[in-house]
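# Observations on the three-dimensional arrangement
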Amino acid sequence: MALPLNPVGFWRPMRQDDLPAVGGLAARAHPDLPEDDAVFAERLALFPEGALILAAGDRVAGYAVGHPFHCAGPPKLNTLLGALPARPDCLYIHDIVVAPELRGQGLAAGGVEALLNLAEPYPATTLVSVYGTAAFWTRFGFEDASDRMAPDVLAGYGPDARWMVRVTRA
């Protein structure tokens, strides 16, 4: 299933053979927040419907990863989950990245919308905003809820990390 986006590319399901490109793109986009390739491989294996690629020809131009989790807080950065929670209460958006040279064209919106569609069965969608992207996430209905958690919970995500929550249903 390909989700049309625009002439630059389209969002499609992630495959195993995309993982090296995802790891490379993650390293470029998040040099201060590194994650092992095994983290992306595990997320793909645990919740494949939440792993997407922005394909531009034969190139991986972006990725989006989300999975069911708990609203109480994010998983620790660069940590394997082992399994999804038995009773998740949110969809956690692990990451959405568009190649730096392609940013500013609205390309991320298709990946965000696809993950928000997956979030419909859950009461909320959560994420950690990094690198000053909170304003981007507010356009999709997320609110800063950082005051609801202990400061050390977000410490591993960088000094500007914000816990963002979007209520899916009341």
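Structure first, text after, so check above.
A brief report on the enclosed structure follows. Please read all numbers here as calculations on a predicted model, not as lab measurements. (Residues numbered from 1 in each chain as written. Predicted model: local features only at pLDDT ≥ 70, side-chain atom pairs only at ≥ 80, totals over all residues. Heavy atoms only, no water.)

## Concerning the pairing of strand β3 (residues 51-56)
Along β3, 6 of the 6 residues are buried, which leaves the element largely enclosed by surrounding structure. Of the two faces of β3, both are covered, the one formed by Ala51, Ile53 and Ala55 as well as the one formed by Leu52, Leu54 and Ala56. Pairing analysis gives 4 bridges linking strand β2 (residues 9-13) to β3, with the strands arranged antiparallel. Across the sheet, residue Phe10 finds its bridge partner in β3, namely Ala55. Bridge analysis of β3 against strand β4 (residues 59-69) gives 6 bridges, and the strand direction is antiparallel. The residue bridging Ala55 from the neighbouring strand is Val60, located in β4. In this structure, the hairpin formed by β3 and β4 is closed by a connection of 2 residues, where Gly57 is found at a positive phi of approximately 65°. (Buried < 20%, exposed > 50% of the residue type's maximum accessible area, 1.4 Å probe, protein only. Helix = DSSP H or I, 4+ residues; strand = E, 2+ residues; numbered from the N terminus. Pairing = 2+ DSSP bridges.)

## Side note on the packing of helix α1 (residues 19-29) against helix α2 (residues 37-46)
Look at α1 against α2: their axes get within 9 Å of each other, and the N-to-C directions meet at 125°. In terms of axis orientation, α1 runs oblique to α2. Classified by chirality, the crossing of α2 by α1 is right-handed. Facing α1, whose interface residues are Leu19, Val22, Gly23 and Ala26, α2 presents Asp37, Phe40, Ala41 and Leu44. For the contact of α1 with α2, the per-class residue count stands at 6 nonpolar, 1 polar and 1 charged. (Axes fitted to C-alpha atoms, helices over the stretch in contact; angles between N-to-C directions. Parallel < 35°, antiparallel > 145°, perpendicular 65-115°, else oblique. Left-handed = near helix turned anticlockwise from the far one by under 90°. Contact = heavy atoms within 4.5 Å. Nonpolar A, V, L, I, M, F, W, Y, C, P; charged D, E, K, R; others polar.)

## Some remarks on the nonpolar core
The biggest cluster of nonpolar side chains holds 41 residues, and the ones touching the most others in it are Met14, Tyr63, Ile96, Trp137 and Phe142. Of all the elements in the fold, those that place two or more residues in this core are α1, α2, β3, β4, β5 (90-98) and α3 (108-118). Here this core gets 6 residues from one element, more than from any other, and that element is β3. If we skip the residues at most four places from it in the chain, Trp137 touches Ile93, Ile96, Val112, Leu127, Ser129, Phe142 and Met164. Membership of the second largest hydrophobic core comes to 14 residues, among which are Leu33, Cys90, Val130 and Ala145. (Core = buried A, V, L, I, M, F, W, Y, C linked by side-chain atoms within 4.5 Å.)

## Remarks on the pattern of salt bridges
Enumeration according to the criterion identifies 7 salt bridges in this entry. Two residues, Arg28 and Glu101, come together in a salt bridge whose shortest N-O distance is 2.5 Å. Here Arg28 is found in helix α1, whereas its partner Glu101 is found in the loop between β5 and α3, with 73 residues between them in sequence. For Arg28, a relative accessible area of 44% puts it in the partly exposed group. When the shortest N-O distance is used, the salt bridge between Arg162 and Asp144 registers 2.7 Å. Highlighted residues: Arg162 in strand β8 (residues 162-167) and Asp144 in strand β7 (residues 143-144), separated in sequence by 18 residues. Classification of Arg162 as partly exposed rests on a relative accessible area of 33%. Connected through salt bridges with shared partners, the residues Arg12, Arg15, Asp17 and Asp18 form a single ionic network. (Salt bridge = Lys/Arg side-chain N within 4 Å of Asp/Glu carboxyl O.)

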